[in-house]
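Below, each chain spelled out in residue letters.
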Amino acid sequence: MAKIIGGLTTSHVPAIGGAIARGVQQEPYWKPFFDGFLPVHQWLGEVKPDVAVVFYNDHGLNFFLDKMPTFAVGAAPEYRNADEGWGLPTLAPFKGQPDLSWHLIEHLVDREFDITTCQEMLVDHAFTLPLKLFWPQGCPVTTVPICINTVQFPLPSAKRCYALGRAVGEAIRSWDSDKRVVVVGTGGLSHQLDGERAGFINKPFDLKFMDSLIEDPQWATQFSIHELVEKTGTQGVELLMWLATRAAVGGRVRKVHTNYHIPISNTAAGMMALEAL
Ligand code: DHB
Ligand code: FE
C-alpha cells in the first residue's frame, strides 16, 4: 500500500512567482522567506516522495463565482496553468496521477463527501507556486489537486475540512501502490486583501495555529468560519488547507522545519514541513 511520508504547508502569494521569475530570492525583502525552504529541500531530497496530493483553493481561474464546488478533485493526466492577470509566466503542465485520483474519488464518495470530479482542471498560483517553492529545480512528483472553496460563501467548516483531510489520508493509505506520497496544503496564513480591514495580520493566532498542527491538530476545528475570518482575515481562512493536510497525514508527526515571515505582499507567510512518524 502507498505510504504518506509527511505534510508540507505554505502560503501562496502571487508576488512570489514574480520574485522567482526575476531571480531576486537573495534580495533583503525576499531572503527571509525563501531561506525558510532550504532545510525542506534537503529533507525532500532524502525522503524522495513520488506523488503530491495538493489541497489548495482556486481564485477564479478554473472555478468562477457562478459555479463553485465546495470540494473538487482533479482526475486528469496533466494540469495546466494559465494567465491569471498577475503578469506571471505560465508554466509547463504538471503531471497527474489519475489512478490515485480515481481511488480518492471512489473513497470520498463512499465516505459521503459530495465532491466535484474534474477530468480537466486549470491550476492557479495556489497550486503552482508552492510546488515551485518546494522543488525549485523542477517538479519531480506527480500530482492530485484537491480544491477547497475559500472564496465564495458559504465555506465548508474547519471541522468538515478536517474530516475531508482524514478521509483523503485513509484513501491514500489504502491505494494499492508502493508510491511515497506527500500531502501539500497551500494558503493563509492571516491576510485580508480588501475592505476595511485590508492588511489585517494576526501573528499570535498564526503562531498558535502552527503550533497546534504538531501536537493538537484538531484545535482549530473549534472555530466557526466567521470566527476564523475574524481572527485571520477574509483570505486567512485559506488556513483550512493546512488543517486538511494535517488531518490527511494523521497520527504523530515530527517537525522538520517551520518558517513565519511578515509580510509577503499583504500576507503573513508561513511554512511547515512535518514528517509522519
Ligand atoms: C495575496 C495573497 C493570496 O493568498 C492570494 O491568493 C493573492 C494575493 C497577497 O498577499 O498579495
Ligand atoms: Fe490565496
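Everything discussed here concerns the structure shown above.
In this report, we go over the structure that sits alongside the text. (Residues numbered from 1 in each chain as written. Chains lettered and ligands numbered in written order. Predicted model: local features only at pLDDT ≥ 70, side-chain atom pairs only at ≥ 80, totals over all residues. Heavy atoms only, no water.)

The subject of this paragraph is the overall build of the chain. Broken down by element type, the chain carries nine helices and ten strands. Counting only C-alpha atoms, the chain reaches 45 × 40 × 40 Å along its principal axes. Put simply, 80% of the contacts in the chain that link residues at least 6 apart link residues at least 24 apart. Working note: accessible area of the chain is about 11,700 Å², and carbon and sulfur atoms make up 50% of it. For the chain, the distance from the average position of its 23 positive side-chain charges to the average position of its 29 negative side-chain charges is 7 Å. (Helix = DSSP H or I, 4+ residues; strand = E, 2+ residues; numbered from the N terminus. Contact = heavy atoms within 4.5 Å. Areas by Shrake-Rupley, 256 points an atom, 1.4 Å probe, with all protein chains shown as cover. Lys, Arg positive; Asp, Glu negative; His and termini not counted. Charge placed at Lys NZ, Arg CZ, Asp CG, Glu CD.)

One finds Phe-55, Leu-164, Val-168 and Phe-209 to be the most contacted residues of the largest nonpolar core, which totals 56 residues. For Leu-164, the residues in contact, after removing those within four places along its chain, are Phe-55, Phe-71, Leu-108, Phe-113, Ile-146 and Ile-148. Counting residues in hydrophobic clusters, the runner-up holds 41 residues, among them Met-121, Trp-135, Val-141 and Ala-273. (Core = buried A, V, L, I, M, F, W, Y, C linked by side-chain atoms within 4.5 Å. Buried < 20%, exposed > 50% of the residue type's maximum accessible area, 1.4 Å probe, protein only.)

The next thing to look at is the coordination of the iron ion (ligand 2). Coordination sphere of the iron ion (ligand 2), protein contribution only: His-12 (NE2), His-59 (NE2) and Glu-238 (OE), at 2.1 to 2.2 Å. Within one chain, the residues serving as donors to the iron ion (ligand 2) are arranged as H-x46-H-x178-E. Of this pair, His-12 sits in the loop between β1 (3-10) and α1 (14-22) while Glu-238 is found in the loop between α8 (225-232) and α9 (240-249), placing the two residues 226 residues apart along the sequence. The exposure class assigned to His-12 is buried, which follows from its relative accessible area of 4%. Take Glu-238: its relative accessible area is 3%, and that puts it in the buried class. (Donors = N, O, S within 2.8 Å, 3.2 Å for Na, K, Ca; no water.)

Now for the pattern of salt bridges. A complete count under the given rule lists five salt bridges for this structure. Residues Asp-35 and Lys-31 are paired through a salt bridge, measuring 2.8 Å at the closest nitrogen-oxygen approach. (Salt bridge = Lys/Arg side-chain N within 4 Å of Asp/Glu carboxyl O.)

Moving on, we get to the site of ligand 1. The full set of residues close to ligand 1 is His-12, Val-13, Pro-14, His-59, His-125, His-191, Leu-193, Glu-238, Ile-264, Ser-265, Asn-266 and Thr-267. Taking His-12, its side chain carries an N or O atom lying 3.2 Å from an oxygen atom of ligand 1. (Near = heavy atom within 4 Å. Polar contact = N/O pair within 3.5 Å; in protein donor to acceptor, adjacent residues only side chain to side chain.)

Describing two packed helices takes the angle between their axes plus the distance from one axis to the other. At a minimum axis distance of 10 Å, the contact between helix α7 (residues 203-215) and α9 shows a crossing angle of 10°. Taken as axis vectors, α7 and α9 run roughly parallel relative to one another. On the side of α7, the interface is formed by Phe-209, Met-210, Leu-213 and Ile-214, while α9 contributes Trp-242, Leu-243 and Arg-246. For the contact of α7 with α9, the residue count by class is six nonpolar, no polar and one charged. (Axes fitted to C-alpha atoms, helices over the stretch in contact; angles between N-to-C directions. Parallel < 35°, antiparallel > 145°, perpendicular 65-115°, else oblique. Nonpolar A, V, L, I, M, F, W, Y, C, P; charged D, E, K, R; others polar.)

A sheet is described by the order of its strands in space; here eight strands give the open sequence β6-β3-β7-β2-β8-β1-β10-β9, paired in mixed fashion. Only two strands of the sheet have a single partner each, and these edge strands are β6 (116-118) and β9 (253-264). Between one strand and the next, the sheet's axes are offset by a mean angle of 15°, whatever the strand orientation. When strand β3 (residues 71-74) meets strand β7 (residues 142-148), the two strands line up antiparallel, connected through three bridges. Considered in β7, the bridge of Val-73 is made with Ile-146. Helix-sheet contacts for helix α6 (residues 158-173) involve β1, β2 (51-56), β3, β7 and β8 (180-186), and the interaxial angle to β2 is about 165°. (Pairing = 2+ DSSP bridges.)

Judged by side-chain polarity, Phe-64, Leu-65 and Val-151 come together as a nonpolar surface patch covering roughly 270 Å² of accessible area. Structurally, Val-151 is set in the loop between β7 and α6. (Patch = residues over 30% accessible without salt bridge, like charges linked within 9 Å, V, L, I, M, F, W, Y side chains within 5 Å.)

This brings us to α1. Inspection of α1 places Pro-14, Ile-16, Gly-17, Gly-18 and Ala-19 among the buried residues, and these make up the whole buried set. The secondary structure elements touched by the buried residues of α1 are α2 (31-34), α5 (125-134) and β9. Looking at the residues trailing α1, positive phi occurs at Gly-23, about 70°.

Scope: geometric values only; no functional claims are made or implied.
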